[in-house]
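# Examination of the molecular architecture
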Amino acid sequence: EAEVAQSPRYKITEKSQAVAFWCDPISGHATLYWYRQILGQGPELLVQFQDESVVDDSQLPKDRFSAERLKGVDSTLKIQPAELGDSAMYLCASSPQTTRDTQYFGPGTRLTVL
Amino acid sequence: QQPVQSPQAVILREGEDAVINCSSSKALYSVHWYRQKHGEAPVFLMILLKGGEQKGHEKISASFNEKKQQSSLYLTASQLSYSGTYFCGTGGNLLTQGGSEKLVFGKGTKLTVNP
């Protein structure tokens, strides 16, 4: 069964450092999502791609976060510089077309900022 | 607007039933239900779409009341493996969410099933 791949699974960094997360969606899925999940809360959408285009990045802190999906396949989420409040689980998900489709989540990257 | 889930937590004995509710203040076009175990990614359970279409697992059922802007997830004859946190994600459309169809997730309902 096809799965969403993410790496790394865990990342510990010091504040002011740069970090990057990678996501490879299920083959053929046009829509890719990056979510941030704080412990005890539901996932919060950071950015949504349709193919290589950004559909929604209204909750992305653009002064420090950036995301790209250059060829419409895999994607990278970057934080520079990291702050203590960025400690969270970063989840990537993909769906065939729109948000009316099932979203399949990857295992996530647990980020700890010291 | 974040949907409101109730109850926040529920404890069951194996074999008992449970209902988890999800309410929104905005018109709903889709409701997605996920279960997440500690330290793991959310796993898809059910999707309900405006118009009555449903997709999901055989052993889980759900309802979608468009008029009341509510959805309920029904877990019957619970098993130990049902333990986890259940999230609903509500989707609007381009007209109701300022140009975005994104899912907004609730804070979750923690379900514990004991032997």
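Predicted, not measured: the structure shown is a model, and the values here were computed from it.

Basis of the calculations
- Residues numbered from 1 in each chain as written.
- Chains lettered and ligands numbered in written order.
- Predicted model: local features only at pLDDT ≥ 70, side-chain atom pairs only at ≥ 80, totals over all residues.
- Heavy atoms only, no water.
- Helix = DSSP H or I, 4+ residues; strand = E, 2+ residues; numbered from the N terminus.
- Buried < 20%, exposed > 50% of the residue type's maximum accessible area, 1.4 Å probe, protein only.
- Lys, Arg positive; Asp, Glu negative; His and termini not counted.
- Salt bridge = Lys/Arg side-chain N within 4 Å of Asp/Glu carboxyl O.
- Polar contact = N/O pair within 3.5 Å; in protein donor to acceptor, adjacent residues only side chain to side chain.
- Contact = heavy atoms within 4.5 Å.
- Disulfide = S-S within 2.5 Å.
- Pairing = 2+ DSSP bridges.
- Core = buried A, V, L, I, M, F, W, Y, C linked by side-chain atoms within 4.5 Å.
- Buried area = accessible area lost by both parts, 1.4 Å probe.
- Nonpolar A, V, L, I, M, F, W, Y, C, P; charged D, E, K, R; others polar.
- pLDDT = per-residue confidence, 0-100.

Residue and element names in this part refer to chain B. With respect to the helices, strands and loops of the structure, Arg35 is situated in strand S4 (residues 30–36). Despite its burial, Arg35 remains without a salt bridge, the nearest opposite charge being carried by Glu40 at 8.2 Å. Polar contacts involving the side chain of Arg35 include one to the side chain of Tyr86, which spans 3.0 Å. For Arg35, the contacting residues outside a window of four places in its chain are Ala41, Pro42, Val43, Leu45, Ile60, Ser81, Tyr82, Ser83, Thr85 and Tyr86.

What follows concerns the state of the cysteines. Evaluation of the coordinates by the stated rule reveals 2 disulfides over all chains. The partner cysteine of A:Cys23 in its disulfide is A:Cys92, sulfur to sulfur 1.9 Å. Note on the A:Cys23 and A:Cys92 pair: the S-S dihedral is about -65 degrees, so by sign convention the disulfide is left-handed. With a gap of 69 residues between them, A:Cys23 in strand S3 (residues 19–24) and A:Cys92 in strand S9 (residues 88–95) connect regions that are remote in the sequence. One disulfide bridge connects B:Cys22 with B:Cys88, the sulfur atoms lying 2.1 Å from each other. When the S-S torsion is 75 degrees, as for the bridge of B:Cys22 with B:Cys88, the disulfide is right-handed. With B:Cys22 in strand S3 (residues 18–23) and B:Cys88 in strand S9 (residues 84–91), this pair connects stretches of sequence that are 66 residues apart. Considered together, B:Cys22 and B:Cys88 belong to a single accessibility category, that of buried residues.

All names here are of chain B. For strand S5 (residues 43–49), the tally of buried residues reaches 6 of 7 residues, placing the bulk of the element in the interior. Where S4 and S5 come together, 6 bridges link them in antiparallel fashion. Following the sheet pairing, Trp33 is matched in S5 by Met46. Hairpin connection of S4 to S5: 6 residues between the antiparallel strands, including Gly39 at a positive phi of 80 degrees.

B:Trp33, B:Leu73, B:Leu75, B:Tyr86 and B:Leu111 are the most contacted members of the largest nonpolar core, which totals 21 residues. Beyond its immediate chain neighbours, meaning those up to four positions away, B:Leu73 contacts B:Ala18, B:Val19, B:Ile20, B:Trp33, B:Leu45, B:Ile60, B:Ser61, B:Ala62 and B:Tyr86. A:Cys23, A:Ile26, A:Phe65 and A:Leu111 belong to the second-largest nonpolar core, a separate cluster that totals 20 residues.

Taken residue by residue, the interface counts 21 residues in chain B and 22 residues in chain A. Buried surface at the junction of chain B and chain A, both sides included, amounts to about 1,800 Å², of which 51% is carbon and sulfur. The interface formed by chain B and chain A includes 0 salt bridges. Taken together, the connections running from chain B to chain A amount to 2 residue pairs in polar contact (both at pLDDT 80 or more). Looking at the side of chain B that touches chain A, the elements with two or more residues in it are S4, S5 and strand S10 (103–105) of chain B. Here the element with the most residues in the side of chain B that touches chain A is S4(B); it accounts for 4 residues. Of the residues contributing to the side of chain B that touches chain A, the split by class is 10 nonpolar, 6 polar and 5 charged.

The next thing to look at is the confidence of the model for chain A. On average, residues of chain A carry a pLDDT of 93, and 99% of them reach 70 or more. In the model of chain A, strand S6 (residues 53–56) of chain A stands out as the element of lowest mean pLDDT, 90, in contrast to S3(A), which has the highest, 98.

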